[in-house]
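# Remarks on the overall topology
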Amino acid sequence: MKFLKAKTCEGKNLEISIKKETHQDMTDWNKDGTHQYCVLFKFVNVPNPNYQHSYYIDTIMDPYWNRGPGGLCLNGSKYEYESVSKETMDKVRVFIQEFVDENKIKLHREEKKL
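Only a predicted model underlies this, so the values are computations on that prediction, with no experimental measurement involved.

Residues at a pLDDT of 70 or more form 93% of the protein chain, whose mean pLDDT is 88. Ranking the elements of the protein chain by mean pLDDT puts helix α1 (residues 27-32) last with 72 and strand β1 (residues 4-7) first with 98.

Below, the discussion takes up the side chain of Asp-62. Along the chain, the position of Asp-62 falls in the loop between α2 (57-61) and β5 (72-75). No salt bridge is formed by the buried Asp-62; its nearest oppositely charged neighbour, Arg-109, is found at 4.8 Å. For Asp-62, the contacting residues outside a window of four places in its chain are His-108, Arg-109 and Glu-110.

Within this structure, the stated rule accounts for five salt bridges. Residues Glu-82 and Lys-12 are paired through a salt bridge, measuring 3.2 Å at the closest nitrogen-oxygen approach. Placement of Glu-82 in strand β6 (residues 82-84) and of Lys-12 in the loop between β1 and β2 (13-20) is noted, with a sequence separation of 70 residues between them. With a shortest N-O distance of 2.9 Å, Asp-90 and Lys-86 are connected by a salt bridge. Placement of the pair is Asp-90 and Lys-86 together in helix α3 (residues 86-103), with a separation of four residues, close to one helical turn. Three or more residues are tied together by salt bridges with common partners; here these are Lys-12, Glu-80 and Glu-82.

Another aspect to go through is the packing of aromatic side chains. Taken as a whole, this structure holds three aromatic pairs when the rule is applied. Measuring from ring centre to ring centre gives 6.0 Å for Phe-41 and Tyr-55, while their planes differ by 85 degrees; the resulting arrangement is edge-to-face. One end of the pair, Phe-41, is in strand β3 (residues 37-43); the other, Tyr-55, is in strand β4 (residues 52-56), with 14 residues separating them in the sequence. Of note, Lys-20 hangs over the ring of Tyr-37, and the distance from its end group to the ring centre comes to 5.1 Å.

The rules behind the values
- Each chain has its residues counted from 1, following the order in which its sequence is written.
- For this predicted model, a pLDDT threshold of at least 70 governs which residues receive local features, and a threshold of 80 or more governs which side-chain atom pairs are given and counted, while totals over whole chains, interfaces and linings are taken from all residues.
- The side-chain figures draw on all heavy atoms in the structure; neither hydrogens nor water molecules are used.
- The score called pLDDT rates the predictor's confidence residue by residue, from a low of 0 to a high of 100.
- Helix numbering and strand numbering both begin at the N terminus, where a helix is a DSSP run of H or I of at least 4 residues and a strand a DSSP run of E of at least 2.
- In this scheme, a residue with accessible area under 20% of its type's maximum is buried, one over 50% is exposed, and one in between is partly exposed, where area comes from a 1.4 Å probe on protein chains only.
- Charge counting follows a simple rule: Lys and Arg are positive, Asp and Glu are negative, and His as well as the terminal groups are ignored.
- Salt bridges are identified by distance alone: a Lys or Arg side-chain nitrogen within 4 Å of an Asp or Glu carboxyl oxygen.
- Working rule for contacts: check all heavy atoms of both residues, and any pair within 4.5 Å makes them a contact.
- Pairing of aromatic side chains requires ring centres within 6.5 Å, counting the rings of Phe and Tyr and the six-membered ring of Trp. Pairs whose planes differ by under 30 degrees are stacked, by over 60 edge-to-face, and all others tilted.
- Counted as over-ring charges are cases with an Arg CZ or a Lys NZ within 6 Å of the ring centre that also lie within 35 degrees of the ring normal.

Structure below.
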């Protein structure tokens, strides 16, 4: 498994990876072969070794959902706000694109709404 090392804007260390997702109740996604992988933002050197946030790679890579100029909010809590910068998200998208190309993965693209 490949990892991308990064830091949050708040200075916490991350290991970013991609894993196969399993979901039995999303028959359309399974039939279409989309939303099959998640990108994991795993925090390292924290009390809970399983602490992480995940997003479908389809969502991260879809321009429909990524129209803003900034990074990504991982946790919007006013006490434990966690985010990554635009520069980090640019690296994450390259990391995901390499994975998609290597594995010939089909990504979902949101239909433009009128």
